[in-house]
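Observations on the model geometry
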Amino acid sequence: MRKLATILICCLPGIMGLSQTSSLKGTVVDSVEKANLQNTVISILRKSDSVLVKYTRADKSGLFSVSNIKSGDYILMATHPYFGDFIDNIEIKQGEQKDLGKLYMTPKSKLLAEVILKSGSPIRIKGDTTIYTADSFRVRPGANVEELLRRLPGIQVGRNGEITAMGERVKKVLVDGEEFFGSDPGIATKNLRADAVQEVQVFDKKSDQAEFTGIDDGVKDKTINLKMKKQEGYFGKIEAGGGLKDKYDNSAMINLFKNKRKIAGYGIMSNTGQTNLDWQDAQNYGGGSTDMQVTDDGGIMFFGGGGDDSYYGGRNGIPKNWNWGLHFSDKFNNSKQSVNSGYKYSKVNAPGVTSSFSNMFLPDSSWNTKSTSNNFNSTIKHALNLTIDYKLDSNNTLKWTTRVNKNTTFTSNKYNSEYTDLQGNFINTSNRNTTNNTVSNSMNSSLIWMHKFKKLARTFSLNTDFSWSNSKNSGLLYSLENYYSNGSIAERDTTDQQNIRNNENKSITTRIVYTEPLIKDVFLELNYSLSYTNNDNNRITNQKSLNGKYENMVDSLSNDFTFNKLVNTPGVSIRWNKKKFGLTIGANTGFSNFVQKNITEDVITKYNYFNFFPRLNYNYKIKPNKNLTFNYNGSSTAPTLEQLQPIRVNTDPLNIYIGNPDLKQSFRHNFRTGYNSYNVLKEKNVYTNISFSFTENAFVNSSTISTGTNAGKRTYQTVNADGQYNFNFYSGYSLKLKGTKLWLGGGPTANFNRNIDFINGVKNITSTKNYGVRLSASQNTPDKFDFYFSPSFAWNSTRGTVNANANADYWSLDGWSQVRVVLPKKFEISTDANIQLRQKDPRFTQNNNFTKWNASVTKRFLKNDKMEIKLGIYDILDQNRGYSRNFNSYSFTETYNTTLRRFWLVTATWNISKNGQPAKGF
């Protein structure tokens, strides 16, 4: 008896282990005939490495079962010689007896793309990620990623490199899931070769905590990830170009890959505008979009003369650019540790001339303005980024991210303006000279610890963010304003001063998140964040004394001000993760304490706010390649220190800003829904995005414009107002004509905006509307020719209640086309043109329609076209114009800027590539 007991005790763990093993079962069914499929092979593969774990066959009734499966994540694959493969991800829990129900398989004779996950398909939709197989979209040899993106349905690349995917502006471009040269997407798209890319993935990137917990926290950035082909070796290019009027364009980039290690470097020296700056910097230097834009004050602005994708044609001059950078990333210890780092240096000198003409309409008067500005801007920028990802063990991960920037800027400006009444009589004139030197430094650092418990989906994460910035600005202002009465000078105002501003911002935020599984597929998230921010702004304005030195401080223009914010934010969310849909419902409450310290006047003002931040995120997977999403979130914005500081800022004596310490924080409600569908076999794509937002206590301008003495002088400040909203609709449809290589696409767009401001005490409601349609046609015949044609038509309307004379209605056309033809003997000719037309408005001096036409001839040499010589002529018609037309609440303005006009360039390019073996010493 004792021996029997001993045997039972020894066997008990094994018996208990067997009782805890899992199994699954299901039925395989013909999706067309609804018949059960016998002899279908059912395979269970380990998800981490696709190793086969179990397999079986379905019986005569289509039933199958697999037992003794360990808990974990697997891939289920059902195969049959007459049916398309069925593939799905499954999760097996310990002791679970999983019933998959019916698995529908489609006959190959009637294969439907939307129910097959087929490897190698041109486009796949996986959850909320759209995946393009790069090799399915042919581009010319040596083409860069930007040219590849132009071929992808649903993605548009502007002439200046900005990318829109499914109607949303892309904010990040990653390489193998990691940043490439920090936050500079242009480096990746313009310099990486398309033939090195395996897949292009488009998705909404969530925060690190949201990706870890699986519960959405409302932070999303439209992102493109370039999944590179497995390479060991190096590739890159060297370009050297020169041409008429001392134009030059030289650049080089080299990429070295070995396993998971990447080293890259680039350098640029150019005076044709090829800056390869990140998109935000490109906007600052004038390389922004040439599309219609709705400004913050409700105006419609239409930019022209933006240049093509590579060449600067911006609104702030013609730059000379020196730019270089280094990148290093690697993964160690079976990818448990990784490092991603980069450094960039850039220097841009940009002289330019700006001329503008405006008509202003007030409630009881109107006048015209004309101004000219000669400006020079020189900026030197250093940027360093570092990310270290450290997986301590299977349950703990640390991630540290740091960015450091240092900018030095010098600007000078000579400005003159004239205000006249409708009869041409002077109201005022202004002549102003300014210089400014600015040194700014910043550092942003984030450390996150993520912990997984043994219980599935139970997690804990702790994230701390620290940011610091400091800016020191010193400048001189000399200005002379003449005010007229009956054609004679009635008053003269002279300003001769030194402006000094020191600003420092510090903040630290800690966020704790805990997740707990409640029932099957339902998860709870509890979170809490504590944030403290300190802003110091010291403004000193000195007048010139009799000895010629700036040493007499102007009290009314000087102030030392501090703004502190302490915010406690607890929150809760519930997440449903189902096979067909995902739903997150949650809310946070914010307890805010603001302290304003007017140190100069020894005044302290305190504010306490309570906020409620609801959010809802819903994703419905109609079919594997068809997806529907809906999102809502509420967010508050505190006023900036500059908006609060109660002093006059007179750097523009005709437009004086006054801070408003009584500002309240604003609250914005955002709604967005989207639909995306792609039919693989028919190669049809449909995408729609609709967004709507409205703001409570929005920050708007309140302006007082003198009409008597000092006529034309404007004093304004920021105030709160309700009633602002905007609506955006963007939809597209693209298809490949059957039996051809021709892609056709198009879709409608619509924008509605309602903005509020105040003019001389009168509330002004500005409504802007834009209805448009985009069309596109493209074809790519490898080694023969390709073309791309994309016109956009729009009807624009703006209405203001302050004065009907400021209203405007007009149509516009923005068309862009590109043609490339491959000739014998490795010759190639290409041409592209940008046409901008807009309806003539009698209030503008002329009709600014133009065509910017470029053309080039290229000859390729050596094996695999490693060498090429290109002769390019840019702006052949010499019509490129830095032109913008702006309608806002009470005025309309046209502006002209110095732009890069007609020139030619001869460029030699050497494409470097050596794959299959590593570079020596690497």
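How each quantity is defined
- Residues numbered from 1 in each chain as written.
- Predicted model: local features only at pLDDT ≥ 70, side-chain atom pairs only at ≥ 80, totals over all residues.
- Heavy atoms only, no water.
- Helix = DSSP H or I, 4+ residues; strand = E, 2+ residues; numbered from the N terminus.
- Buried < 20%, exposed > 50% of the residue type's maximum accessible area, 1.4 Å probe, protein only.
- Contact = heavy atoms within 4.5 Å.
- Areas by Shrake-Rupley, 256 points an atom, 1.4 Å probe, with all protein chains shown as cover.
- Salt bridge = Lys/Arg side-chain N within 4 Å of Asp/Glu carboxyl O.
- Pairing = 2+ DSSP bridges.
- Axes fitted to C-alpha atoms, helices over the stretch in contact; angles between N-to-C directions.
- Polar contact = N/O pair within 3.5 Å; in protein donor to acceptor, adjacent residues only side chain to side chain.
- pLDDT = per-residue confidence, 0-100.
- Phe/Tyr/Trp six-rings, centres within 6.5 Å; stacked < 30°, edge-to-face > 60°.
- Lys NZ or Arg CZ within 6 Å of the ring centre and 35° of its normal.
- Patch = residues over 30% accessible without salt bridge, like charges linked within 9 Å, V, L, I, M, F, W, Y side chains within 5 Å.

On to the overall build of the protein chain. Within the protein chain, the secondary structure is distributed over 6 helices and 51 strands. Evaluated residue by residue, the protein chain yields a buried proportion of 50% over its 922 residues. Residue pairs in contact within the protein chain that sit at least 24 positions apart in sequence constitute 65% of those at least 6 positions apart. Of the roughly 42,800 Å² that the protein chain leaves accessible, carbon and sulfur atoms contribute 55%.

With that settled, consider unusual backbone geometry. If you check the backbone angles, S335 has positive phi at about 70 degrees while not being a glycine. By secondary structure assignment, the location of S335 is in the loop between β22 (320–332) and β23 (337–361). Its relative accessible area of 31% is what places S335 among the partly exposed residues. Its identity as a non-glycine residue notwithstanding, N760 has a phi of 50 degrees, on the positive side. Note on placement: N760 falls in the loop between β42 (742–759) and β43 (762–781).

Another point: the side chain of S703. By the secondary structure assignment, S703 is in strand β39 (residues 698–705). Beyond its immediate stretch of four places on either side in the chain, S703 contacts R714, T715, Y716, F758, I759 and N760.

A few words on the pattern of salt bridges. Tallied over the full model, the rule gives 19 salt bridges. For D496, the salt bridge is made with K544, and the minimal N-O distance between the two is 3.3 Å. With D496 in strand β28 (residues 488–519) and K544 in strand β29 (residues 522–544), the pair connects residues that are 48 residues apart, well separated along the chain. What emerges from the salt-bridge pattern is a single network uniting D786, R820, E828, R860 and E868.

Here we come to the pairing of strand β27 (residues 459–485). In this sheet, β27 lies alongside strand β26 (residues 426–452) in antiparallel orientation, the contact comprising 25 bridges. Looking at the pairing, H451 lines up with F460 of β27. Relative to β28, β27 runs antiparallel, the two sharing 27 bridges. Looking at the pairing, F466 lines up with I508 of β28. Turn length for the β27-β28 hairpin, with the two strands adjacent in sequence and antiparallel, is 2 residues, and the turn residue N486 shows positive phi of about 55 degrees.

Attention now moves to the sheet that holds strand β4 (residues 63–69). Read across the sheet, 3 strands follow the order β4-β1-β7 without closing on themselves; strand pairing throughout is mixed. Each having just a single partner strand, β4 and β7 (97–105) make up the two edges of the open sheet. Going from strand to strand, the sheet's axes swing by 20 degrees on average, the running direction of each strand aside. In this sheet, β7 lies alongside strand β1 (residues 22–30) in parallel orientation, the contact comprising 7 bridges. Counterpart to V28 in the pairing with β7 is L103.

A separate point is the side chain of S23. If you trace the backbone, S23 turns up in strand β1. The exposure class of S23 is buried, given its relative accessible area of 16%. Here Q97 takes part through its side chain, which lies 2.5 Å from a polar atom of the side chain of S23. Apart from the residues lying within four places of it in its own chain, the contact partners of S23 are V66, S67, I69, E96, Q97 and K98.

Quick look at the confidence of the model for the protein chain now. Mean pLDDT over the protein chain: 82, with 86% of residues reaching 70 or higher. Note that residues 112–120 has pLDDT below 50 and, in this model, 19 contacts with residues that lie over four places away or in other chains. Note that pLDDT drops below 50 for residues 277–315; the model gives that stretch 158 contacts with residues more than four away or on any other chain.

The next thing to look at is the environment of N396. Summarising the element assignment, N396 is placed in strand β25 (residues 396–420). With 64 residues separating them in the primary sequence, N396 and F460 have C-alpha atoms 9.6 Å apart. Within the local environment of N396, its side chain forms a polar contact with the side chain of W449, the two groups lying 3.1 Å apart.

A word on the sheet that holds strand β5 (residues 72–80). Read across the open sheet, the 4 strands follow the order β3-β2-β5-β6; overall the sheet is antiparallel. Edge positions in the sheet fall to β3 (52–57) and β6 (83–92), since each has one partner strand and no second. Direction aside, neighbouring strands of the sheet carry axes that sit 20 degrees apart on average. The pairing of β5 with β6 spans 8 bridges and is classified as antiparallel.

Here the structure, examined in full by the defined rule, presents 25 aromatic pairs. Centroid distance F361 to F892: 5.5 Å. Interplanar angle 35 degrees. Geometry classified as tilted. Taken together, the residues F361 in strand β23 and F892 in strand β50 (residues 891–897) connect sequence positions 531 residues apart. By relative accessible area, which is 1% here, F892 ends up buried. Seen in terms of ring centroids, Y657 and Y716 are 5.1 Å apart; in terms of plane orientation they differ by 65 degrees. Their pairing is edge-to-face. Highlighted residues: Y657 in strand β36 (residues 655–658) and Y716 in strand β40 (residues 714–721), separated in sequence by 59 residues. Pair check on accessibility: Y657 and Y716 agree, each one buried. Among the aromatic residues, ring-to-ring pairing joins Y632, F671, F692, F694 and Y725 into one connected group. Stacked on the ring of W322, the Lys or Arg K347 has its end atom at 5.5 Å from the ring centre.

Attention now moves to a nonpolar patch on the surface. Side chains of L384, V404, M443, F466, I508, Y528, L530, Y532 and L566 sit close together on the surface and give an oily, nonpolar patch of about 700 Å² of accessible area. At 3 residues, the largest contribution of residues to the nonpolar patch is made by β29. As for its position among the elements, L566 is in strand β31 (residues 559–577). Taking the relative accessible area as the measure of exposure, L566 reaches 34% and is therefore partly exposed.

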